[in-house]
2 protein chains.
Amino acid sequence: MSDKHLSTQFDAELSAISSRVLEMGGLVEQQVCLAVDALAEFSEAKATEVIRTEQRVNQMELEIDRDLSNIIARRQPTARDLRLLIGVSKTIGNLERVGDEAARIARTVHRLVANGTHGRLFPTTQMSNEAQLATASLRRALDAFARLDANQAMQVIKEDNEIDAEFDGLMRKLVTYMMEDPRTITASIDLVFVAKSLERVGDHAKNLAEQVIYIAKGADVRHTPLDGLESAVS
Amino acid sequence: MSDKHLSTQFDAELSAISSRVLEMGGLVEQQVCLAVDALAEFSEAKATEVIRTEQRVNQMELEIDRDLSNIIARRQPTARDLRLLIGVSKTIGNLERVGDEAARIARTVHRLVANGTHGRLFPTTQMSNEAQLATASLRRALDAFARLDANQAMQVIKEDNEIDAEFDGLMRKLVTYMMEDPRTITASIDLVFVAKSLERVGDHAKNLAEQVIYIAKGADVRHTPLDGLESAVS
């Protein structure tokens, strides 16, 4: 077996890993969208579907991580390939946590319906802005990963502030709502955590984007302040 | 340079990495304890200290991760050593997130004091149980890492349920408190997030423990149900 052959085989392995990450990403993105829909419609069927998918996502995390270890152990990856493998390992950890947040939202939908509190609730339509920003950010981060596009990844990092601002606004509205009718407090606290879950989805999208930059450019921009981002990447 | 010499040098590198992880763990543990104290005493000085330490913790994460990549790229670690290196990479990610939660609690203390709402607040002493469980769990996880003790790690994983139960109890008390005096809602929501942060510290301690088992036994027990834990490890 020639060196060329070996290298081609290695490339195929790397590319297979990337495809699986994107598959996992697609699954997780779908979970978040479905969880948001489940909340908007108080659909128990959709909530159940989100929770059912969690196991598959968890399984993918374990499998991809195992494959990564095997590849590193068998091959002697170059610094560049190693960066991809380590970046991927962190990426799937992030994706799994996004899936966790989706499942959390879905379990909240079940509880709200079971308690019969979803009838007189803070209108969940008011959460659609945050939900849209968070899912868009996640989608953009996955696109950036697919094309190893550092510029798009920087965009994702920069827009995280908007999601945080939307979260803060929602908190103020929820507090006002609770004050006006304290009987809604229990159910409102559930929505406080939903808003928090969406904000975390945005955080994870940002983390994904940081890994894209690490893989594409070799720059570890975690904990880099926004105004130092451009120079750290170039 | 003989093979033996090389191997000894590698061992020294691995042991240096482990020491740095424990140093980072000690720093983070201290941050959590200090944040809990800051909340109990509404001490702005302690809260400031927690936030000040965050940068050092973040810096350690970046440095250790860079060292890990360098070691993997330079050496050809055996499967066992690679397990340690990958486990350590996940471990420091977890520790950094614990530090984040401590900083969140500290920022909440600043806000409560600034708003002057800490005077007529839900008694934070009622949160000391959850805080104690979470910090004890974190300490035990770090001990388990220091000694690569899989049994102690399993203990940490099992006791996470207690922290969750304590969190649920606190939520019920906080809701009752808000219902009785809706003027406390804004400040109480802050405490809801503090309780959540402590619950997350417990989650991260569990995640740390899972990595200890991975390093010590080679078994990836993430997502393993409690009743399957013993058989997965042995």
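Note that the structure is a prediction, hence the values are computed from the model and not measured.

This part takes up the packing of aromatic side chains. As enumerated under the stated definition, the model contains 5 aromatic pairs over all chains in all. An angle of 65 degrees between the planes, with centres 6.2 Å apart, marks the rings of F193 of chain A and F167 of chain B as edge-to-face. Pair noted here: F193 of chain A is in helix α6 (residues 185–217) and F167 of chain B is in helix α5 (residues 150–180), and the two residues belong to different chains. With respect to class, F193 of chain A is no different from F167 of chain B; both count as buried. Grouped by ring-pair contacts, the aromatic residues F167 and F193 of chain A together with F167 and F193 of chain B constitute a single cluster. Stacked on the ring of F193 of chain A, the Lys or Arg K196 of chain B has its end atom at 5.3 Å from the ring centre.

Moving on: the nonpolar core. In this structure, V88, I189, L191 and I213 of chain A together with I189 and L191 of chain B are the most contacted members of the largest nonpolar core, which totals 153 residues. For I189 of chain A, the contacting residues outside a window of four places in its chain are M178 of chain A together with V175, M178, I189 and V192 of chain B.

This brings us to the packing of α5 of chain B against helix α6 (residues 185–217) of chain B. To characterise two packed helices, one gives the angle between the axes of the helices and the distance between these axes. Residues and elements named next belong to chain B. Here α5 crosses α6 at 170 degrees, and the two axes come no closer than 9 Å. When the axes of α5 and α6 are compared, the pair comes out roughly antiparallel. Residue composition of the contact of α5 with α6, by class: 22 nonpolar, 2 polar and 8 charged.

Interfaces are often sized by the amount of accessible area the parts lose when they come together. With 34 residues of chain B in contact, the opposing surface of chain A contributes 34 residues. Both sides of the chain B and chain A interface together cover about 3100 Å² of buried area, and 61% of this is carbon and sulfur. Taken together, the connections running from chain B to chain A amount to 14 residue pairs in polar contact (both at pLDDT 80 or more). Across the side of chain B that touches chain A, the residue classes break down as 16 nonpolar, 6 polar and 12 charged.

Least-squares fitting of chain B to chain A yields an RMSD of 0.0 Å, with the superposition described by an axial translation of 0.0 Å and a rotation of 180 degrees. Classification of the inter-copy transformation places it as that of a two-fold axis. Comparing interface residues between copies, 100% of those in chain B also sit at the interface in chain A, which points to an isologous, same-surface contact.

Moving on, we come to the environment of V175 of chain B. Inspection of the secondary structure assignment puts V175 of chain B in helix α5. Taking the relative accessible area as the measure of exposure, V175 of chain B reaches 11% and is therefore buried. Taking the C-alpha atoms as reference points, V175 of chain B and S188 of chain B, 13 residues apart in sequence, are found 8.5 Å from one another. With residues near it in sequence (within four places) discarded, V175 of chain B still touches I185, T186 and I189 of chain A.

Here the focus is the side chain of R83 of chain A. Residue placement: R83 of chain A occurs in helix α3 (residues 79–114). No salt bridge is formed by the buried R83 of chain A, whose closest oppositely charged neighbour, D81 of chain A, lies at an N-O distance of 8.8 Å.

Considering all chains together, one arrives at 38 salt bridges over all chains under this definition. Where R139 of chain B meets E29 of chain B, a salt bridge forms, and the shortest distance between an N and an O atom there is 2.6 Å. In this pair, R139 of chain B is assigned in helix α4 (residues 128–147) and E29 of chain B in helix α1 (residues 3–41), connecting sequence segments 110 residues apart. Taking relative accessible area as the criterion, R139 of chain B reaches 36% and is therefore assigned partly exposed. Here R52 of chain B makes a salt bridge to E49 of chain B, at a shortest N to O gap of 3.3 Å. In this pair, R52 of chain B and E49 of chain B are both assigned in helix α2 (residues 44–74), 3 residues apart and thus about one turn of the helix distant. If you follow the salt bridges from partner to partner, you end up with E61 and D65 of chain A together with K90, D220 and R222 of chain B in one network.

Residues and elements named next belong to chain A. Under the definition given, this model contains 1 cavity of 30 Å³ or more. Put simply, the largest cavity is a space of about 40 Å³. Contributing elements (two or more residues each) for the lining of the largest cavity: α1 (3–41) and α2 (44–74). It is α1 that contributes the most residues to the lining of the largest cavity, 4 residues altogether.

Here is what the cut-offs are and how they apply
- Residues numbered from 1 in each chain as written.
- Chains lettered and ligands numbered in written order.
- Predicted model: local features only at pLDDT ≥ 70, side-chain atom pairs only at ≥ 80, totals over all residues.
- Heavy atoms only, no water.
- Phe/Tyr/Trp six-rings, centres within 6.5 Å; stacked < 30°, edge-to-face > 60°.
- Helix = DSSP H or I, 4+ residues; strand = E, 2+ residues; numbered from the N terminus.
- Buried < 20%, exposed > 50% of the residue type's maximum accessible area, 1.4 Å probe, protein only.
- Lys NZ or Arg CZ within 6 Å of the ring centre and 35° of its normal.
- Core = buried A, V, L, I, M, F, W, Y, C linked by side-chain atoms within 4.5 Å.
- Contact = heavy atoms within 4.5 Å.
- Axes fitted to C-alpha atoms, helices over the stretch in contact; angles between N-to-C directions.
- Parallel < 35°, antiparallel > 145°, perpendicular 65-115°, else oblique.
- Nonpolar A, V, L, I, M, F, W, Y, C, P; charged D, E, K, R; others polar.
- Buried area = accessible area lost by both parts, 1.4 Å probe.
- Polar contact = N/O pair within 3.5 Å; in protein donor to acceptor, adjacent residues only side chain to side chain.
- Least-squares fit on C-alpha atoms with pLDDT ≥ 70 in both.
- Lys, Arg positive; Asp, Glu negative; His and termini not counted.
- Salt bridge = Lys/Arg side-chain N within 4 Å of Asp/Glu carboxyl O.
- 1 Å grid on protein atoms, 1.4 Å probe; cavity = no way out; pocket = protein on both sides within 12 Å on 5 of 7 lines; lining within 4 Å.
- Points joined across faces, edges and corners; volume = space filled by probe spheres on them.

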